[in-house]
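Breakdown of the fold
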Amino acid sequence: MPEKNYDAQRIEMKWRRRWEQIPLYRAEANPARPKYYVLEMLPYPSGTLHMGHLRNYTIGDAVARYKRMRGFNVLHPMGWDAFGLPAENAAIERGLHPREWTLRNIAEMTRTLRRYAFSYDWSREISTCEPEYYRWNQWFFLKMLERGLAYRKKSLVNWCPECGTVLANEQVVDGCCWRHPRTPVEQRDLEQWFLKTTAYAEQLLADIRRLEGLWPERVLAMQRNWIGRSEGAEIVFRLEDGRPIPVFTTRVDTIFGATGLLLAPEHPLTAELVEGEGRLRVKAMIDSRAQKQLAEFDKEGVFTGRYAVNPYNGERLPVWVANFVLLEYGTGAVMAVPAHDQRDFEFCRKYGLEIRPVIRPAGGEPARADLLEEAFVEDGVLENSGEFSGLSSEEARRRMTAKAEREGFGRAAVTYRLKDWGISRQRYWGTPIPVVHCPQCGIVPVPESELPVLLPLNVRITGRGRSPLESVPEFVQAACPRCAAPARRETDTMDTFVDSSWYFYRYCDPRNDRLPYDPELIAYWFPIDQYIGGIEHAILHLIYSRFFCKVMRDIGLIRHDEPVRSLFTQGMVLKDGAAMSKSRGNVVGADELADRYGADTGRLFVLFAAPPEKELEWQDAGVEGMHRFLARTYRFLTRNAERARSGAAGEAEADRQALRKLHQTVRKVTQDLESRWHFNTSIAAVMELMNELHALEERLSGPVLQEALEKVTLMLAPFVPYLAEELWEELGRQGPVFDQSWPDYDQELAREEEAEIVVQVNGRVRSRIRAAFGASREELERRALEDDKIQGFLKGRQLVKVVVVPDKLVNVVVR
RNA sequence: GCCCGGGUGGCGAAAUGGGCAGACGCAGAGGACUUAAAAUCCUCUGGGAGGCGACUCCCAUGCGGGUUCGAGUCCCGCCCCGGGCACCA
């Protein structure tokens, strides 16, 4: 039978048409079957689908297909994130409504994704900018409001005076507005909505331990770091008029070395204590810090002229305002211990405050202030610390904290770096926050029955002024739900990270109009077995969604504590050393590639070129190699398909050899896919097998050819879906290949007949011998020593010992 | 500064619990087919030295030590690259 040429386009078109006729992957909850929920992180519809995205989806798709062939009920849904700011900005530039822009791009990207034959369950497609999704965002918001987990407070925000609008942190570049690079950003005090993530700080941290081994260590480390738990003590210093200034420290043991008390510029007491020209300097501090000057700005302070009393020794400490003290961390005030803290040291040296060592290294010389250079922080033995002198740092911390508690001037305390999540955006494109401001009743939540509060469509978005919603009277004017008086509707919208925090729950039940989802369905599908995405979401998205999970659990909707069992972070796809992005103009488009080589080739390349967690430098040359392999395989199969079915005879030895390699390959690929996703080595193994089949081609019998070709097709199915379907049909088999079972292997057939034993002399390979598997140590040793080459090395030397590793190696040690 | 990764041919990479370093692919060289090209197929390809030759020896996994019969893999000390956090008290 003549071979056929590989026409990737024809094959793709053919199968795409057929797949459109049948629901490809429709997963229904079925408690009788084991489930597998695999998901790639939600993309936002930028319109361009490039190889960076494609790598993410291809990995998930390969896993989904494999798991399906292993008999799992696979849920693999697909949806889109509205991603507020980029959408709104892109829309402004093009004079489009953000909604129009988003829907257009979703349509475009869906078309391309379908081309790559992803195994998504499109019946579950959701888009987070749809009213039914807003409704449940708002529903969750109200639940949190009820529980005190959502609140409003005044807070400093970035403000661009040129745009006259609030900026998100990401929009501040080098202290200036991203659109006005010469306009410094100011800080403004505005009322903002927050979700109380800090209420779950301890749980978020503690549960990280359950994710160990299942999530990449690097992600866990980042999250631990971000939550930033510190154990220490809160000690109350008092001004001479008796007013308290609590201070948080992890080093109470150094408190006898405190020679000053430092307040954050924004600290409530600052404004009161600082007078005259000092006020201007404090204001300057606040503004300069807003500009996030590249890390290093000089330490500065303003003396308040007041003193505070150290409760441990009654000492009077000067109270300063210092620009490096953070209001948001701890209590917004710190004690200055210049002898044992780098920052305090720099500050006190600059302003001439006393530097007094109170810790010496265990077993070392007493510390001397004039010798202090960089050796701070370390624990040691206390000195000059009254009743605590002579104690170890650890012991001292315990006793000093106990004393503070006993005498009522302090307590043990834990502080977190994690802050509450500011969700207010003075922007249009996001879920409206469902509350109304009533002149009589204050903040009144919109009743559940009136949800969703929808965005008005007739709005002019200019990117200037405050929220565009403020200039839509029909939206702003509302009746108070409580007293029916005229009231003002909240115009802040939610951060779109709220959307992405729970979208994977909605997938399980996307059309539910009574609840965000049916808890029963969640109980079946959750947790997500495998979540796949880029490292850039390690902190924000993955902490927010863990937080949401815990809140939903406490509301009583779900029972599990963590949403995601295993997390996989794939490496970026680089082009010319930089991440692909439209703005950089270095994208390799997914469509363009599919036009040239076919989608299968593109998929195979991103899976083959490197292990999926590594970064991948895109090389067009490598793509051609993948295409060659597929073409070669296709030709081989088509020219042998007839003979394979014929039952033709072959050479026994060739058959044995081919079967051995075949079963070894199935074993290797199966193990690779089960334990670690090194698709590159799986694919390499199939290539090796094909090379072997080429070498044996004419000598193989029909049945062996058939078995080999079928198994090759099945093994390729997770990676190259179109070609696999076509090959399956060429082999005369019925039914879609993704419905077949994963091929199995036979350990006996996979076994080599003889072992090749490496013979080393002093650890260097000098010869090889062949021996039956299971040959005894004695036999191997004897055979090795008899070997001609080894004899040569033994001449004139003394045999010291022989190390034998059965079936593998003999090492002869000589002197 | 602190916390994570990582460093192997010309390139992407393999080597899964210490046991043949460089599988598989790309690029390159030579050859076959062809009027020619493309495509395809075959052979070679880490560096060095020796031999007419089948071959033999030496060097080689960022650098320096160590453990071991044996180290890319384990331990100690450095160097370099990438990433995250960063006056977090």
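Every chain is numbered on its own, with residues counted from 1 as its sequence reads. Here the convention is simple: chains get letters from A, ligands get numbers from 1, in the order in which they are written. Side-chain atom pairs in this predicted model are given and counted only at pLDDT of 80 or more, local residue features only at pLDDT of at least 70, and totals for whole chains, interfaces and linings cover all residues. Excluding hydrogens and water, the side-chain figures rest on all heavy atoms present in the structure.

**Considering the protein's contact with RNA strand B**
We define proximity as follows: a residue is near a molecule or strand when any one of its heavy atoms falls within 4 Å of that partner. Residues in close proximity to RNA strand B total 54 residues, the closest being Thr 250, Lys 299, Arg 343, Arg 768 and Asn 811. Looking at RNA strand B alone, sugar and phosphate atoms form 62% of those within 4 Å of the protein. Separating a sugar or linking oxygen of RNA strand B from a side-chain N or O atom of Arg 417 is a distance of 3.1 Å. Between a sugar or linking oxygen of RNA strand B and a side-chain N or O atom of Arg 635, the distance comes to 3.3 Å. Residue classes in the surface near RNA strand B are distributed as 22 nonpolar, 12 polar and 20 charged. Pairs of N or O atoms are called polar contacts if they sit within 3.5 Å, as long as, within protein, a hydrogen donor faces a hydrogen acceptor (for residues adjacent in sequence, only side-chain-to-side-chain pairs). By the convention adopted, Pro, Cys, Tyr, Trp, Phe, Met, Ile, Leu, Val and Ala count as nonpolar, Lys, Arg, Asp and Glu as charged, and the other residues, Gly among them, as polar.

**Thoughts on the nonpolar core**
Soluble globular proteins: nonpolar side chains tend toward being buried together. Core analysis: the biggest nonpolar cluster contains 94 residues, and Met 51, Leu 113, Trp 618, Phe 679 and Phe 719 have the highest contact counts within it. Should any heavy atoms of two residues lie within 4.5 Å, those residues are considered in contact. Excluding its chain neighbours within four sequence positions, the residues that come into contact with Leu 113 are Leu 49, Tyr 57, Met 78, Trp 80, Phe 118, Tyr 120 and Trp 122. We call a set of buried residues a nonpolar core when its members are Ala, Val, Leu, Ile, Met, Phe, Trp, Tyr or Cys and they connect through side-chain atoms within 4.5 Å of each other. Throughout, exposure labels follow a simple rule: accessible area from a 1.4 Å probe, protein chains only, divided by the maximum for the residue type, with under 20% read as buried, over 50% as exposed, and the rest as partly exposed.

**What to know about the packing of aromatic side chains**
Between 30 and 60 degrees the pair is tilted, below 30 it is stacked and above 60 it is edge-to-face, where a pair is any two Phe, Tyr or Trp rings, Trp via its six-membered ring, whose centres lie within 6.5 Å. Counted by the stated rule, this structure contains 49 aromatic pairs. A ring pair is formed by Trp 19 and Tyr 722, whose centres lie 5.1 Å apart and whose planes are at 25°; its orientation type is stacked. With Trp 19 in helix 1 (residues 8-21) and Tyr 722 in helix 24 (residues 721-730), this pair connects stretches of sequence that are 703 residues apart. With respect to burial, Trp 19 and Tyr 722 carry one shared label: buried. Aromatic ring contacts, followed pair by pair, group Tyr 133, Trp 136, Trp 139, Phe 140, Tyr 200, Trp 421, Phe 497, Trp 502, Tyr 544, Phe 547 and Phe 548 into a single cluster. Here a strand is any run of E in DSSP of at least two residues, a helix any run of H or I of at least four, and the numbering for each starts at the N terminus.

**Brief notes about the sheet that holds strand 2 (residues 73-75)**
Here, a strand pair is defined by DSSP locating no fewer than two bridges between the strands. Here we have 4 strands laid out as an open sheet, ordered 2-1-27-28, and parallel in their pairing. What marks the edges here is a single partner per strand, and that holds for strand 2 and strand 28 (564-570). Across the sheet, the axes of successive neighbouring strands diverge by a mean angle of 20°, strand direction being ignored. For helices, the axis comes from a line fit to the C-alpha atoms of the stretch in contact; other axes are also lines fit to C-alpha atoms, and the angle between any two N-to-C directions lies between 0 and 180 degrees. Contacting strand 1 (35-40), strand 2, strand 27 (528-534) and strand 28, helix 2 (residues 51-69) crosses the sheet at an angle of about 170° to strand 1.

**Re the side chain of Glu 725**
Relative to the helices and strands, Glu 725 is located in helix 24. No salt bridge forms around the buried Glu 725; measuring N to O, its nearest opposite-charge neighbour Arg 65 is 5.8 Å away. In this structure the side chain of Glu 725 is engaged in a polar contact, spanning 3.0 Å, whose partner is the backbone nitrogen of Val 737. Beyond its immediate sequence surroundings of up to four residues, Glu 725 is in contact with Trp 15, Trp 19, Gly 735, Pro 736, Val 737 and Phe 738. A positive count includes Lys and Arg, and a negative count includes Asp and Glu. His and the chain ends are not counted in either. The rule for a salt bridge is simple: a side-chain nitrogen of Lys or Arg has to be within 4 Å of a carboxyl oxygen of Asp or Glu.

**Some thoughts on the pattern of salt bridges**
Under the definition given, this model contains 69 salt bridges. When the shortest N-O distance is used, the salt bridge between Arg 243 and Asp 241 registers 3.2 Å.

**Details of empty space enclosed by the protein**
Here a cavity means grid points, on a 1 Å grid over the protein atoms only, where a 1.4 Å probe fits yet cannot get out; a pocket means an open set of points with protein on both sides within 12 Å along at least five of seven lines; lining residues are those with an atom within 4 Å of a point. Grid points are joined across faces, edges and corners, and a volume is the space filled by probe spheres set on the points. Inspection of every chain in the model, using the stated rule, returns 3 cavities of 30 Å³ or more. Reported here for the second largest cavity is a volume of approximately 40 Å³. Lining the second largest cavity are Leu 39, Glu 40, Met 41, Leu 42, Pro 43, Tyr 57, Pro 77, Met 78, Gly 79, Tyr 120, Tyr 503 and Tyr 507. Among the secondary structure elements, those contributing two or more residues to the lining of the second largest cavity are strand 1 and strand 3 (77-80). For the lining of the second largest cavity, the element with the highest residue contribution is strand 3, accounting for 3 residues. A breakdown of the residues in the lining of the second largest cavity according to their chemical character gives 10 nonpolar, 1 polar and 1 charged.

**What to know about helix 26 (residues 777-786)**
Here helix 26 has its buried residues at Leu 780, Ala 784 and Leu 785. Down the axis, helix 26 shows its buried residues gathered within 125° of arc, on one side only. Each C-beta atom gives one direction from the helix axis, and the arc is the one those directions make.

**A short note on the sheet that holds strand 24 (residues 477-479)**
Across the sheet, 4 strands lie side by side as 23-22-25-24; this open sheet has antiparallel pairing. Both edges of this open sheet fall to strand 23 (442-445) and strand 24, since each of them pairs with a single strand only. Within this sheet the neighbouring strands show an average axis-to-axis angle of 45°, counted without direction. Inspection of the sheet shows strand 22 (residues 435-438) paired to strand 25 (residues 486-489) by 2 bridges, in the antiparallel sense. Residue pairing across strands places Val 436 opposite Arg 489, the latter belonging to strand 25.

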